[in-house]
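# Descriptive structure summary
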Amino acid sequence: MRLKKVKAHGFGKWRDTEWDLSADSRFTVFLGENETGKSSVMQLIHAVLFGFAKEEVERLKPRNGGNFGGSVELEMDGRTLTVERTHRQRIRGEVTVKYEDGRTGGEKEWEAILQGLDSATFKGIFHIDLNGLEHLQRLSPGEVNRYLYDAGMSGGQALTKLEKKLKQRADDYYTPQGKVKPVNRLAKEWEKTESERALLAEKLDRISEKRRLISDYENRLAEQADQEDEINQRLRFFEKASALETIIRDWSALNKKRDELARKRPDRFPVNGLERFERWQQLAEEKKAEAADKQKKLAEKKQLLAKEENLLLTDQLRLEMSNALEKKAEIMRLYDNRATLSKDIEQLNREKKKLLKAHPDTSADHFNAAVIDAQKLQQFDRLKNERVQLKSKEEQLKMKAEDIENRVADNQEMQEEAKRQEKNYLAEENRLAKQQEKKANRKITWILTGTVLAAGISLVAADLFIALMALAAGTALLFSAYKEKREWLDRRQRTEDTLSKADQQSAQESSPPLMAEKAINEKSLQQEKEQIELERERLAKQWSEWEDAFHNWLTITQLPFKDDLGWYDHFIPNARKWYELEDRIEELTEDKQQTESQIEQGERSAKQIVQKAGNTTDQEDFWYTLYKQYDRDEERRREIAKQQDLLTDMIEQHDELEEKYNHYRAKLDELLTYTGVTEENRFRSLGELEKHYEDIDYRCQEQEIRLSSAIPDKDEREKITAAVLAEHTDIDKEKQHLHEQSAAVFTEKERLIKEKTETAKEVETLEQDGTYEEICQEKKRLEEEVNKLLREWAVMQAALKMIGQAKRVYEQNRQPAVMERAEQLFIHLTEGRYHRFFAPLGEETFYVERNDGERFEPADLSRGTREILYLSLRLALADDDAFERKYPIIMDEILVNIDAVRRKKLIEAFSLISSGRQLLFFTCHRNLYKEIKNFTDDHTLHLLDSAVQR
């Protein structure tokens with residue numbers, strides 16, 4: 001199995017995020033700081049493959065809602081399929097399997113594809129994390145053996161759980177010495193039932209007598225209950241009367257007062273009549289005072305309006321002012337236009353001055369006198385091109401002349417250099433010959449000396465043959481050395497002769513061949529010089545013709561003479577611009593004169609209107625005077641219209657106040673008429689009486705409501721009221737008498753209940769063992785239950801034997817291979833320091849053997865070595881061939897407690913295991929990723945801080 005893509009629809013912090021794992025890399029690394037979602041990615045993969053964990057659902061749900069779940073695209077058995085799981089109704093979630101051909105499947109089909117691989121097995125073998133390593137380190141040696149069995153055998157963990165459960169249940173059923181086990185307990189119960197059956201007859205008579213007594217107690221208790229209910233009922237009656245006595249007496253007094261006031265009150269009086277009368281009388285007086293004040297203000301407002309209307313202008317004068325002011329905008333535009341024209345003329349004049357500054361050696365007359373048109377410009381361009389061509393020819397002739405001079409100088413230098421090289425060569429040959437000649441002389445001297453010494457020694461030794469041989473050898477060597485010397489002497493003589501001839505030739509300047517070559521070269525150079533002179537004469541004639549044409553062009557254009565043609569290139573465009581500026585200035589000047597004429601005409605008309613309005617025109621800004629006069633009149637008219645509107649409003653308000661005053665007076669008259677009186681004081685006295693009656697009536701009704709709330713039943717309420725108001729009834733004494741009766745009844749009732757309870761307990765004690773038939777039936781039931789439990793216990797014992805046989809087969813066939821693979825990894829990772837570990841079959845032990853033969857249990861090893869040991873076990877289990885598929889291995893921070901050297905070894909081991917298997921490595925340590933990167937480039941990195949694959 002190989003994961004190709006992992007996608008989170010909504011899972012923890014991830015939402016609509018996808019990781020591409022399709023690259024065929026040895027390592028797939030997920031790198032991210034803490035809290036960046038590494039654990040969520042691992043939990044997502046596990047949840048999609050095996051279902052959501054109940055305890056993690058609430059924590060991993062998307063906080064903002066949405067689809068909770070994800071999908072995994074994987075390659076398995078040569079086909080690609082997508083597994084998607086979402087959380088809806090079921091705790092584990094709903095799974096959908098999508099095939100390449102469009103088919104889909106569900107949970108059962110996915111379980112069939114996994115071939116029995118469950119969540120616990122996957123976590124125990126293929127998901128390695130720091131917590132798992134720490135858990136392994138806490139296992140005892142026997143638990144390590146069981147862990148190897150559970151993890152290495154498909155379904156082994158479930159089989160171990162079943163074995164423990166069967167053993168516990170079998171022990172719960174029966175043990176030979178047990179007392180509380182089901183089988184043991186049922187046997188004893190059967191014996192006890194048989195002995196109890198004989199005592200049952202005696203107890204039956206006693207039970208009948210006790211039941212008769214209980215019936216008598218129940219009748220007497222019923223009588224006491226009836227008597228107690230009657231007493232309590234009368235007691236509650238007097239309790240209510242005592243609690244409501246104050247209210248009842250207050251209600252009775254208020255009722256009498258209300259009847260007395262009812263006889264004095266008028267036949268009819270308006271509801272809230274006194275308050276309404278006082279309010280309407282006050283409002284009538286207020287409206288009357290406001291109407292008088294409003295009438296005074298109306299008179300003042302009319303006088304002010306008459307004065308303002310006398311100050312208004314005539315309609316004809318207003319019309320003329322309006323027309324003049326409408327024309328003012330046009331005049332203002334003309335002012336702006338005149339100013340703009342003046343600025344434009346000034347700007348053009350400044351540009352003309354700039355042109356004069358650009359040519360300080362010319363004046364305005366030169367610009368005005370110049371005659372330049374398109375034809376003149378073409379002639380000037382042609383003259384410039386001809387001048388450039390002549391200059392080019394002149395430069396070429398100059399370069400040719402310099403070339404000839406350089407060639408003459410180079411020819412002489414080459415001859416001198418050849419002579420110097422020849423003399424140097426001959427001098428070097430002469431020096432070498434002299435040096436070799438000296439060596440030959442020294443060689444001859446040494447040969448003569450050696451020959452004489454050898455011959456002399458031989459003669460002294462009386463060995464004539466050796467002496468002759470020495471002389472012969474010396475003679476041969478001497479002849480050879482002399483011949484070599486002669487050759488070097490001849491060679492030196494030849495060199496000196498050649499050098500002498502070279503000096504003579506140098507003294508005579510040159511040899512005849514060199515003189516002939518030199519003459520040929522000089523003749524050729526002379527011919528070239530003559531040709532250049534002819535070309536120079538033709539060029540001078542062309543220059544003269546060009547100057548005549550140029551002077552003729554200057555005469556036609558009336559331009560001054562300048563040696564630099566660049567001056568004309570600069571002056572001619574400026575002269576044409578000068579013409580354009582002159583034309584533009586003349587045009588703008590005409591526009592300015594027309595504008596000033598229009599302004600003068602408009603100002604003259606406005607001044608006449610100002611004089612008609614009675615103002616002098618001596619002010620500088622007569623437009624302001626005209627506008628101010630017109631605006632003042634306009635403001636005055638608006639103010640008059642506004643005041644007229646206010647006057648109308650004031651008249652309406654005055655009329656409204658008069659109307660309201662009359663309305664309130666009519667209301668007052670209606671109240672007096674309704675009551676049947678004509679005087680206001682009489683109405684007020686009747687109103688006070690009515691108000692007092694309403695207050696007493698309200699209080700009386702309030703007491704009645706309180707009585708009705710306390711005693712809803714009308715008959716009971718009337719009885720309690722009559723009892724309270726009766727003169728001969730003493731409520732406190734009645735209550736005391738009833739409390740005494742109630743206490744006596746309660747004491748008798750408690751005594752009867754106690755005797756009945758004791759009798760009932762005796763009956764229950766006698767009946768708890770059941771009847772004779774029940775005891776017999778119980779005995780039969782116990783026999784059947786014992787037989788059933790014994791059959792089940794036998795089945796469990798047989799199942800335990802079969803499970804034990806399966807474990808022994810695994811220990812003999814599978815576990816040694818896993819241990820061997822783990823041992824190889826452990827030896828490699830510890831660099832051979834430990835060479836063996838083993839777990840003996842059938843024993844609760846686990847040993848590690850060092851290369852010196854000493855054995856250790858895992859608890860005796862260092863933390864780092866223990867982690868290496870258990871990593872070796874986990875990796876061996878994960879890489880075991882017992883699993884038909886190569887499932888991905890997920891590793892989470894398993895290298896943090898291991899030193900750098902062993903980490904490198906582990907990375908090498910991971911690389912070997914990754915052949916044909918996918919490794920997912922999760923870490924927050926960048927140095928661990930760097931170590932993987934330094935080990936191999938065959939890796940894929942996912943940075944979880946941004947969820948973007950790099």
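Residues numbered from 1 in each chain as written. Predicted model: local features only at pLDDT ≥ 70, side-chain atom pairs only at ≥ 80, totals over all residues. Heavy atoms only, no water.

Of all 5 residues making up strand β3 (residues 27–31), 5 are buried, and the element is well covered by its neighbours. The two faces of β3 match: Phe27, Val29 and Leu31 on one face and Thr28 and Phe30 on the other face are all buried. In the sheet, β3 pairs with strand β14 (residues 939–943) via 5 bridges, with the strands oriented parallel. Paired with Val29 across the bridge in β14 is Leu941. Note: β3 against strand β13 (residues 919–923), 4 bridges, orientation parallel. (Buried < 20%, exposed > 50% of the residue type's maximum accessible area, 1.4 Å probe, protein only. Helix = DSSP H or I, 4+ residues; strand = E, 2+ residues; numbered from the N terminus. Pairing = 2+ DSSP bridges.)

Let's shift gears to the pattern of salt bridges. This structure, assessed with the given rule, holds 19 salt bridges. A salt bridge links Glu84 to Lys98, with the shortest nitrogen-to-oxygen separation between them at 3.1 Å. In this pair, Glu84 is assigned in strand β5 (residues 79–86) and Lys98 in strand β6 (residues 94–99), connecting sequence segments 14 residues apart. With a closest N to O distance of 2.5 Å, Arg638 and Glu635 form a salt bridge. Placement of both Arg638 and Glu635 in helix α18 (residues 622–675) is noted, with a separation of 3 residues, approximately one turn of the helix. Judged by relative accessible area, which is 42%, Arg638 ranks as partly exposed. With a relative accessible area of 40%, Glu635 lands in the partly exposed category. Each of Arg85, Arg92, Glu107 and Glu111 takes part in salt bridges that share partners, so that together they form one network. (Salt bridge = Lys/Arg side-chain N within 4 Å of Asp/Glu carboxyl O.)

On the surface, Arg350, Lys353, Lys354, Lys357 and Lys577 cluster together to form a positively charged patch. Relative to the assigned elements, Arg350 resides in helix α12 (residues 315–358). (Patch = residues over 30% accessible without salt bridge, like charges linked within 9 Å, V, L, I, M, F, W, Y side chains within 5 Å. Areas by Shrake-Rupley, 256 points an atom, 1.4 Å probe, with all protein chains shown as cover. Lys, Arg positive; Asp, Glu negative; His and termini not counted. Charge placed at Lys NZ, Arg CZ, Asp CG, Glu CD.)

Here we come to the side chain of His9. Counting through the fold element by element, His9 comes out in strand β1 (residues 2–11). Looking at His9, its side chain comes within polar contact range of the side chain of Glu84, at 3.0 Å. In this view, His9 contacts Arg15, Asp16, Asn67, Gly69, Gly70, Ser71 and Glu84; residues no more than four positions away in its chain are not counted. (Polar contact = N/O pair within 3.5 Å; in protein donor to acceptor, adjacent residues only side chain to side chain. Contact = heavy atoms within 4.5 Å.)

Listed under "transmembrane region" (unreviewed entry) in the UniProt record, and renumbered for this structure, are residues 444–460. Secondary structure across residues 444–460 comprises 100% helix and 0% strand; the distance between its end C-alpha atoms is 24 Å. (UniProt positions renumbered as here; feature names shortened; annotations may be inferred.)

A cluster of nonpolar side chains, namely Leu459, Leu464, Leu468 and Leu471, defines an oily patch on the protein surface of about 390 Å² accessible area. In terms of residue count, helix α15 (residues 464–507) provides more of the nonpolar patch than any other element does, 3 residues in total. Its location among the elements puts Leu459 in helix α14 (residues 374–460).

What follows is about the sheet that holds β6. Read across the sheet, 6 strands follow the order β2-β1-β4-β5-β6-β7 without closing on themselves; strand pairing throughout is antiparallel. Here the strands that pair on one side only, and so sit at the sheet edges, are β2 (14–20) and β7 (104–105). Note: β1 against strand β4 (residues 69–76), 7 bridges, orientation antiparallel. Looking at the pairing, Lys7 lines up with Ser71 of β4. Together, β1, β2, β4 and β5 form the strand contacts of helix α1 (residues 38–50), whose direction differs from that of β1 by roughly 100 degrees. (Axes fitted to C-alpha atoms, helices over the stretch in contact; angles between N-to-C directions.)

The next point concerns the nonpolar core. With 82 residues, the main nonpolar core has Trp19, Leu74, Trp110 and Phe910 as its most contacted residues. No other element matches helix α24 (residues 863–878), which puts 9 residues into this core. (Core = buried A, V, L, I, M, F, W, Y, C linked by side-chain atoms within 4.5 Å.)

We now examine the packing of helix α10 (residues 245–264) against helix α19 (residues 680–710). Relative orientation of the contacting elements α10 and α19 amounts to 150 degrees, with a least axis distance of 9 Å. On the basis of their axis angle, the class for α10 and α19 is roughly antiparallel. Read as a crossing pair, α10 and α19 show a hand that is left-handed. When α10 is examined against α19, the residues Ile247, Ile248, Asp250, Trp251, Leu254, Asn255, Lys257, Arg258, Leu261, Ala262 and Lys264 are found in contact with a partner set consisting of Leu689, His692, Tyr693, Ile696, Asp697, Arg699, Cys700, Gln703, Glu704, Arg706 and Leu707. Split by residue class, the contact of α10 with α19 holds 11 nonpolar, 3 polar and 8 charged. (Parallel < 35°, antiparallel > 145°, perpendicular 65-115°, else oblique. Left-handed = near helix turned anticlockwise from the far one by under 90°. Nonpolar A, V, L, I, M, F, W, Y, C, P; charged D, E, K, R; others polar.)

Its place among the elements puts Lys256 in helix α10. For the pair Lys256 and Cys700, spaced 444 residues apart in sequence, the C-alpha separation works out to 9.8 Å.

Let us look at the pairing of β1. Burial runs high along β1: 7 of the 10 residues are buried. Alignment of β1 against β2, held across 6 bridges, turns out to be antiparallel. Looking across to β2, one finds that Ala8 is bridged to Thr17. Hairpin connection between β1 and β2: a loop of 2 residues separates the two successive antiparallel strands, and Gly12 in this loop has a positive phi of roughly 65 degrees.

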